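Chain by chain, the residues:
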Amino acid sequence: MFLEKERKKVIEIARRASTEKLVPLTFGNFSLRDKETGHVCITPSGMPYMTLEPEDIVVVDTDGNIIDGKRKPSIETPLHTAVYRKRPDVFGVVHTHSTFLTAWACLDGDLPCITSEAASLVGGSVKNAPFAVQGTQELADVTSDTLGNDKAVLMANHGAICVDESIDKAYNNAVVLEESAKVAYLAFTLGKPNLLSEQIAKALQKETNENYGQ
Ligand SMILES: [Zn+2]
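Given the structure is predicted, the values throughout are model-derived calculations rather than measurements. (Residues numbered from 1 in each chain as written. Predicted model: local features only at pLDDT ≥ 70, side-chain atom pairs only at ≥ 80, totals over all residues.)

## Quick notes on the overall build of the protein
So, point 1. Helix and strand counts for the protein come out as seven helices and eight strands.
So, point 2. Against the 2.2 N^0.38 benchmark of 17 Å for 214 residues, the protein shows a C-alpha radius of gyration of 17 Å, consistent with a compact globule.
So, point 3. Viewed in the frame of its principal axes, the protein has a C-alpha envelope of about 50 × 35 × 30 Å.
So, point 4. For the protein, the residues scored as buried account for 45% of the 214 residues in total.
So, point 5. Taking all contacts inside the protein whose residues are at least 6 apart in sequence as the whole, residues at least 24 apart take part in 64%. (Helix = DSSP H or I, 4+ residues; strand = E, 2+ residues; numbered from the N terminus. Rg over C-alpha atoms; globule rule 2.2 N^0.38 Å. Buried ≥ 20, exposed ≤ 12 C-beta atoms within 10 Å, placed from the backbone. Contact = placed C-beta atoms within 7 Å.)

Here is the structure:
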């Protein structure tokens, strides 16, 4: 099967997101860009993640044309392909509706940078893209524009997307940011938290990129 390993990887991430409660039911969508062909493997529209088979994953090009697969691709395919077109460094896109990130996305303004682990990954606060209807080109445009060169962006009254150089890293960003959104909620409930400045957040991110891991 064409891009079988990559299709299996997308299913693995979608199932983890479902098990770890970053998406309810069939919401959210997940994709990776294959480094060799440049094609995008993306989850199908409205299918339960636990029973997905590799042939259910749809292969599209970065303009959204179907290259391989018999399913209808995610309705947010224009969002994923817009990100890949604008960001040559991105090879994984994870769109979640996780509870705390979505709660922050329902407020005016950004998710403040409050934990050092979030700062280490995304290097600052997470911007909130203007509201647009799901599945539209407008949503794809405003979300990918607001994302800019960041690793995550909130989608107003909807959810969030996280991106990175692999779908594994994009998924990790989604988990860490959901935790950070939860901590931010608790800290703001308890009182007036000390926020990390953009300067400190950027320094933490640089330190992590250079020194973390084996
Ligand atoms: Zn969504």
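## Comments concerning helix α1 (residues 4-19)
So, point 1. Across its 16 residues, α1 extends 22 Å between first and last C-alpha, which sits within 8% of the 22 Å expected from 1.5 Å per residue.
So, point 2. Along α1, the residues that are buried comprise E6, R7, K9, V10, I11, I13, A14 and A17.
So, point 3. Contact partners of the buried residues in α1: β1 (29-33), β2 (40-42), β5 (92-96) and α6 (167-190). (Expected span 1.5 Å × (residues − 1).)

## What to know about the sheet that holds β5
So, point 1. The mixed open sheet is built from eight strands, whose spatial order is β4-β3-β2-β1-β5-β8-β7-β6. The sheet terminates laterally at β4 (66-68) and β6 (128-129), the two strands that pair on one side only.
So, point 2. Note: β6 against strand β7 (residues 152-155), two bridges, orientation parallel. Bridge pairing in β7 links N128 to L154.
So, point 3. Packing of helix α2 (residues 77-86) onto the sheet brings it into contact with β1, β2, β3 (58-60), β5 and β8 (159-164), and relative to β2 it is tilted by some 150°.
So, point 4. In the packing of helix α5 (residues 137-147) onto the sheet, the strands contacted are β6, β7 and β8, and the crossing angle to β7 comes to about 140°. (Pairing = 2+ DSSP bridges. Axes fitted to C-alpha atoms, helices over the stretch in contact; angles between N-to-C directions.)

## So, the packing of α2 against α5
So, point 1. Between α2 and α5, the shortest axis-to-axis distance is 8 Å and the interhelical angle comes to 35°. Judged by the twist between their axes, the crossing of α2 over α5 is right-handed. Here P78, L79, A82, V83 and K86 of α2 lie close against α5, whose contacting residues are Q137, L139, A140, D141, T143, S144 and L147.
So, point 2. Of the residues in the contact of α2 with α5, the class split is seven nonpolar, three polar and two charged. (Left-handed = near helix turned anticlockwise from the far one by under 90°. Nonpolar A, V, L, I, M, F, W, Y, C, P; charged D, E, K, R; others polar.)

## A word on the pairing of β1
So, point 1. Within β1, five of the five residues are buried, which leaves the element mostly enclosed by the surrounding structure.
So, point 2. Burial along β1 is two-sided: N29, S31 and R33 facing one way and F30 and L32 facing the other are all buried.
So, point 3. The pairing of β1 with β5 spans four bridges and is classified as antiparallel. Considered in β5, the bridge of N29 is made with H95.
So, point 4. Hairpin remark: β1 followed by β2, antiparallel, with six residues in the connecting loop; positive phi at G38, about 80°.

## A closer look at unusual backbone geometry
So, point 1. The backbone of K21 shows a phi angle near 60°, a positive value even though the residue is not glycine.
So, point 2. By the element assignment, K21 lies in the loop between α1 and β1.
So, point 3. Of note, N157 is a non-glycine position whose phi angle comes to about 55°, a positive value.
So, point 4. Within the secondary structure, N157 sits in the loop between β7 and β8.
So, point 5. A count of 12 C-beta atoms within 10 Å places N157 in the exposed class.

In short, geometric facts, not functional conclusions.
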